[in-house]
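A structural walkthrough
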Amino acid sequence: MKHKSAIVLLTCLLIGLVLACFASLIEITTLVSYENWFTSGEMFAWVTANPYEVGDIADYCLRYVWPYWVLCLLLYLALGVLIGWLVVKRASLLTRMLSVGIVCLLLLPFILPVRNSLLREIVCVIRQVHNIEKHQNDNICFKYDANRQDSLDAKEIYVLSLGESVRYSNISLNGVYQRITTPLLAEQSNLYLYSDYYANATLTQHALPMLLTDVACNNFVQHFNRKTIAAAFQEAGFTTALISHRAQLMNNGYHDYLAKDFDTLIFVKHDSLIAPELANLAKKNEKLFAVTHYLGNHMFYTNRTEDCLVWRPDYNADPKTKSDSLFLNAYDNSLLYTDRLLNKEIETLRQMHKAAAWFFVSDHGEYISPKVSGHGHTYHPTKEEYHVPLMVWYSDEYKEAYPEKVANLIKHKDEPVCADHVFWSVLDMANIRIDSTLQQDGLSVFEDTLLPHRRTLLLPDGKSIMTLD
Ligand SMILES: [Zn+2]
């Protein structure tokens, strides 16, 4: 009987060892690659990410991590052998228990602090998945009761353009960055860049619901009770469309609930097809509101054409070269391509010669270093991960219709604003207000006065909040 109990005990220990080994491999991967414990945000992103992203990240991580994996596997193998030896050896129960104790003591400092954090993160990711599955239809009866303050007789086009991982510090439009990464946007008239705009999340899965609804970090889960901004535009008489890269968030099975309020859904296989699709829709519709969502500058910055390879060595084009600037060069090359795409979108609107306005923000920024690149990997993000560009362009016809809005927009361009302002600004850009019980004033950059607003950031567990000011 004693012998049987010992076998059961040792079998449980072996199973525990295998699970611990698996968890350790995951955490070693993020520790080595990103110098941080595995976060729930990452875990969730891995679950919901497209194969393109998963393949890229896995490839990147394995290049650096494989020696640590080998060491870790050898350690666990040795412990497994020790446990097996205890099972077959005819030692006394006391000796066996003593040996098990030694194994546990050996594992304890390696496992315990890590497991506590991992367990917490696993609980967070289960909660996030559960929330989506349970609440994604909670908004069926929701209405914004949106209405326009006036109605232009002429054709109108409004665009909310969402970038991916564009950080403020690397676009030369800021007048500071030495590399000319945005030459075409710099030539655009009627285009204004805000100098002090912060994202309110460092992961797309958190940023997007807050950009598309009126919720903020402190009431994030309430976005399930809201419809997106597309519904408000619909109520105000607009045709609404989403044009997104097919690898982006609103085309995955977890976040497609954010796309259901749009009249038209177009998922393209390349970012360069977004502007032509917008042109088609703009021709067909008198009153159009479109959200364009780019794959953009997501790591590892392969989204560009060959002629954008200006800064070398590039991580993707010259991978065998060793240089501290490998990632930075690749990132800046992809920004050069983004400049073309966004310029093309603006040109599409300009050539319509109608009242049109374009509001661009990036969902979050990017952290780039010689070894580590990415976003949302840590509970201590750097400013580069949340200081991102907000740009607004308007047509001459729009300025004629709304001179005061344009004046206010220019007036506020160096004031502190954040992603909480986007929903209200985009509605106000089209002169739309919603039900008085929901309407919040002082948060639109098109208003005369911006009220003081505390800027915050939702951290990777989708719950913790960091104050930015
Ligand atoms: Zn993103």
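Residues numbered from 1 in each chain as written. Predicted model: local features only at pLDDT ≥ 70, side-chain atom pairs only at ≥ 80, totals over all residues. Heavy atoms only, no water.

1. Brief notes about the overall build of the protein chain
The helix and strand inventory of the protein chain stands at 12 helices and 15 strands. Overall, the protein chain is about 90 × 55 × 40 Å in size when its C-alpha atoms are taken along their principal axes. A buried classification covers 58% of the 469 residues belonging to the protein chain. In the protein chain, of all internal contacts separated by at least 6 residues, the share reaching a separation of at least 24 is 76%. As presented, the protein chain carries roughly 20,000 Å² of accessible surface, and 60% of it is formed by carbon and sulfur atoms. (Helix = DSSP H or I, 4+ residues; strand = E, 2+ residues; numbered from the N terminus. Buried < 20%, exposed > 50% of the residue type's maximum accessible area, 1.4 Å probe, protein only. Contact = heavy atoms within 4.5 Å. Areas by Shrake-Rupley, 256 points an atom, 1.4 Å probe, with all protein chains shown as cover.)

2. Observations concerning the coordination of the zinc ion
Octahedral metals with six donors have ideal donor angles of 90 or 180 degrees. Tetrahedral metals with four donors have an ideal donor angle of 109.5 degrees. With distances of 2.0 to 2.5 Å, the protein atoms coordinating the zinc ion are E164 (OE), E164 (OE), T204 (OG1), D363 (OD) and H364 (NE2). Along the chain, the residues donating to the zinc ion fall in the pattern E-x39-T-x158-D-H. Residue T204 is located in helix α6 (residues 204-212), and its partner H364 is located in the loop between β8 (355-362) and β9 (367-368); the two are separated by 160 residues in the primary sequence. Owing to a relative accessible area of 10%, T204 belongs among the buried residues under this scheme. (Donors = N, O, S within 2.8 Å, 3.2 Å for Na, K, Ca; no water.)

3. Overview of the pattern of salt bridges
The full count for this structure, using the stated rule, is 17 salt bridges. Across the pair D196 and R455 runs a salt bridge, and its minimum N-O distance is 3.3 Å. Here D196, found in the loop between β3 (191-194) and β4 (197-198), pairs with R455, found in the loop between β13 (432-433) and β14 (456-458); they are 259 residues apart in sequence, far enough to count as distant. With respect to class, D196 is no different from R455; both count as buried. Of the charged contacts in the structure, one is a salt bridge between E347 and R350, with a shortest N-O distance of 3.4 Å. Here the residue E347 and the residue R350 both occupy positions in helix α9 (residues 326-350), the gap between them amounting to 3 residues, near one helical turn. Using a relative accessible area of 24% as the deciding quantity, one classes E347 as partly exposed. (Salt bridge = Lys/Arg side-chain N within 4 Å of Asp/Glu carboxyl O.)

4. A closer look at the packing of aromatic side chains
The relation between two aromatic rings is expressed through the spacing of the ring centres and the mutual angle of the planes. Taken as a whole, this structure holds 18 aromatic pairs when the rule is applied. Plain terms: the ring middles of Y158 and Y398 are 6.0 Å apart, the flat faces sit at 80° to each other, and that makes the pair edge-to-face. Here Y398 lies in helix α10 (residues 396-401) and Y158 lies in strand β2 (residues 156-163), a separation of 240 residues in the sequence. Judged by relative accessible area, which is 0%, Y158 ranks as buried. Among the aromatic residues, those joined into a cluster by ring pairs are Y158, F233, F238, F289, Y398 and Y402. Sitting above the plane of the Y198 ring, R455 keeps its charged end 3.8 Å from the centroid. (Phe/Tyr/Trp six-rings, centres within 6.5 Å; stacked < 30°, edge-to-face > 60°. Lys NZ or Arg CZ within 6 Å of the ring centre and 35° of its normal.)

5. A few points about the sheet that holds β8
Taken in spatial order, the 7 strands of this open sheet run β3-β11-β8-β2-β7-β5-β6, and their pairing is mixed. The open sheet has two edge strands with one neighbour each: β3 and β6 (264-268). Taken over all neighbouring pairs, the strand axes of this sheet differ in orientation by 15° on average, direction set aside. Here α9 sits on the sheet and contacts β2, β3, β7 (287-293), β8 and β11 (390-394); the angle it forms with β8, its principal contact strand, is near 165°. (Pairing = 2+ DSSP bridges. Axes fitted to C-alpha atoms, helices over the stretch in contact; angles between N-to-C directions.)

6. Describing helix α8 (residues 274-284)
Three or more residues of α8 are buried, namely I274, A275, L278, A279, L281 and A282. Residues of α8 that are buried in the fold lie against β2, β5 (239-245), β6, β7 and α9.

7. Overview of the state of the cysteines
Taken as a whole and judged by the stated rule, the model has 0 disulfides. Considering cysteine sulfurs only, C217 is the nearest to C124, which forms no disulfide, with 15 Å between them. (Disulfide = S-S within 2.5 Å.)

8. Some remarks on the environment of V310
Looking at the element boundaries, V310 is found in the loop between β7 and α9. Between the C-alpha atom of V310 and that of Q439, which follows or precedes it by 129 residues, the distance is 46 Å. Every residue in contact with V310, bar those within four places of it in the chain, is listed here: N333 and L336.

9. Notes on the pairing of β8
Across the 8 residues that make up β8, a large majority, 8, are buried. Of the two faces of β8, the one carrying A355, A357, F359 and V361 and the one carrying A356, W358, F360 and S362 are both buried. In this sheet, β8 lies alongside β2 in parallel orientation, the contact comprising 8 bridges. Bridging from a neighbouring strand, E156 pairs with A355 of β8. Sheet topology places β8 next to β11; 5 bridges connect them, and they run antiparallel.

10. Considering the packing of α8 against α9
Between α8 and α9, the least distance of the axes is 9 Å, while the angle of their chain directions is 15°. In terms of orientation, α8 and α9 fall into the roughly parallel class. As α8 packs across α9, the resulting crossing turns out to be right-handed. Residue-level contacts link A275, P276, L278 and A279 of α8 to K344, E345, T348 and L349 of α9. In terms of residue class, the contact of α8 with α9 is made up of 5 nonpolar, 1 polar and 2 charged. (Parallel < 35°, antiparallel > 145°, perpendicular 65-115°, else oblique. Left-handed = near helix turned anticlockwise from the far one by under 90°. Nonpolar A, V, L, I, M, F, W, Y, C, P; charged D, E, K, R; others polar.)

11. Considering the environment of Y64
By secondary structure assignment, the location of Y64 is in helix α3 (residues 51-88). C-alpha separation for the pair Y64 and A232, spaced 168 residues apart in sequence, amounts to 47 Å.

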